[in-house]
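Understanding the architecture of this molecule
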Amino acid sequence: MKKILKSLLVCMVMIATVLLNNSYVKAEDTIEVYDGVKYRVNNEQKWASICGYSGDATDLEIPFMVGRGIIVSQIDDHAFDGCASVRILTLPDTIVKVGDMSFIGMDNLQAVISKAQGINIVVRDNVKIVTDRSQLDSNDINNDDNNNNNNNNNDDYNDYYGNYGNGLGGYNYGYGF
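What comes next concerns the included structure. As the structure is a computational prediction, the values presented were derived from the model and not from experiment.

Quick look at the overall build of the protein
Across its full length, the protein holds 2 helices and 12 strands. Secondary structure elements in the protein, listed N-terminal to C-terminal, are α-β-β-β-β-β-β-β-β-β-β-β-α-β. The buried share of the protein, taken over its 177 residues, is 39%. If you take every contact in the protein between residues at least 6 apart in sequence, the share linking residues at least 24 apart comes to 47%.

Dropping the structure here:
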């Protein structure tokens, strides 16, 4: 009887551990950081997903490859949440999936440069989405700290969830080029 109770207790602990684990990192994934960009890396399948940023660059270029031949192919949900320093974000053309609200909280973002095909980039209305840096001019990139935003982080939530009535009011959609 004690063996059955002990086995049952071990099973319950294992199930609770699985159910309560909020981590998106799978057993075969590792977390690696390169130049302040945090990646969820699958070394077996040779792909990486951007899952965070802790740097302070104003002009951030994501490489198409990290480590030893690991292709950067995804951006996780909320990956750049709260990255207020970034003004220009350049994405590699290897990106095939962008998660929900990946760019929310990027209060000073003014331009996203991406040649990636078939991805959905959702940013504020005042952010330009272009395929090449030459499409930006000095009028496009405002260097003041306010960038015409009030820097109230609560507005990001309200804007995204329909402060304007259509569910995603105040945001610009780019669907590949």
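A short note on the sheet that holds strand β9 (residues 111-114)
Sheet architecture is open: 4 strands sit in the order β4-β7-β9-β11, paired in parallel fashion. Bordering the open sheet on either side are β4 (59-61) and β11 (128-130), each of which pairs with just one other strand. Along the sheet, successive strands turn relative to each other by an average axial angle of 15°, direction set aside. Here 3 bridges tie β9 to β11, and the two strands are oriented parallel to one another. In the sheet register, valine 112 faces β11, and the bridge partner there is isoleucine 129.

Observations regarding the environment of lysine 128
The residue lysine 128 is located in strand β11 in this model. On the basis of relative accessible area, lysine 128 is assigned to the partly exposed category, the value being 33%. With 19 residues separating them along the chain, lysine 128 and leucine 109 place their C-alpha atoms 9.0 Å apart.

A look at the packing of aromatic side chains
Considering all chains together, one arrives at 2 aromatic pairs under this definition. Geometrically, the ring pair formed by tyrosine 34 and tyrosine 39 is tilted, given 5.9 Å between the ring centres and 55° between the ring planes. Classification of tyrosine 39 as buried rests on a relative accessible area of 1%. Measuring from ring centre to ring centre gives 5.9 Å for phenylalanine 80 and phenylalanine 103, while their planes differ by 15°; the resulting arrangement is stacked. Within this pair, whereas phenylalanine 80 is found in the loop between β6 (70-75) and β7 (88-91), its partner phenylalanine 103 is found in the loop between β8 (97-98) and β9, the two being separated by 23 residues in sequence.

Notes on the pattern of salt bridges
In the structure shown here, the tally under the stated rule is 3 salt bridges. For the salt bridge of aspartate 76 with arginine 40, the shortest nitrogen-to-oxygen distance reads 2.8 Å. Of this pair, aspartate 76 sits in the loop between β6 and β7 while arginine 40 is found in strand β2 (residues 37-42), placing the two residues 36 residues apart along the sequence. Between aspartate 59 and arginine 133 there is a salt bridge, with its nearest N and O atoms 3.1 Å apart. Pair noted here: aspartate 59 is in strand β4 and arginine 133 is in the loop between β11 and α2 (154-160), with a separation of 74 residues, a long-range link. Look at arginine 133 and you get partly exposed, because its relative accessible area is 37%.

Structural notes on the pairing of β7
Going residue by residue along β7, you find Ile88 and Thr90 tucked away on one face and Leu89 and Leu91 tucked away on the opposite face as well. Sheet analysis places β4 next to β7, joined by 3 bridges and oriented parallel. By the bridge assignment, aspartate 59 is partnered in β7 with isoleucine 88. As defined by bridge partners, β7 adjoins β9 across 4 bridges and the pair is classed as parallel.

Rules used throughout
- Residues numbered from 1 in each chain as written.
- Predicted model: local features only at pLDDT ≥ 70, side-chain atom pairs only at ≥ 80, totals over all residues.
- Heavy atoms only, no water.
- Helix = DSSP H or I, 4+ residues; strand = E, 2+ residues; numbered from the N terminus.
- Buried < 20%, exposed > 50% of the residue type's maximum accessible area, 1.4 Å probe, protein only.
- Contact = heavy atoms within 4.5 Å.
- Pairing = 2+ DSSP bridges.
- Axes fitted to C-alpha atoms, helices over the stretch in contact; angles between N-to-C directions.
- Phe/Tyr/Trp six-rings, centres within 6.5 Å; stacked < 30°, edge-to-face > 60°.
- Salt bridge = Lys/Arg side-chain N within 4 Å of Asp/Glu carboxyl O.

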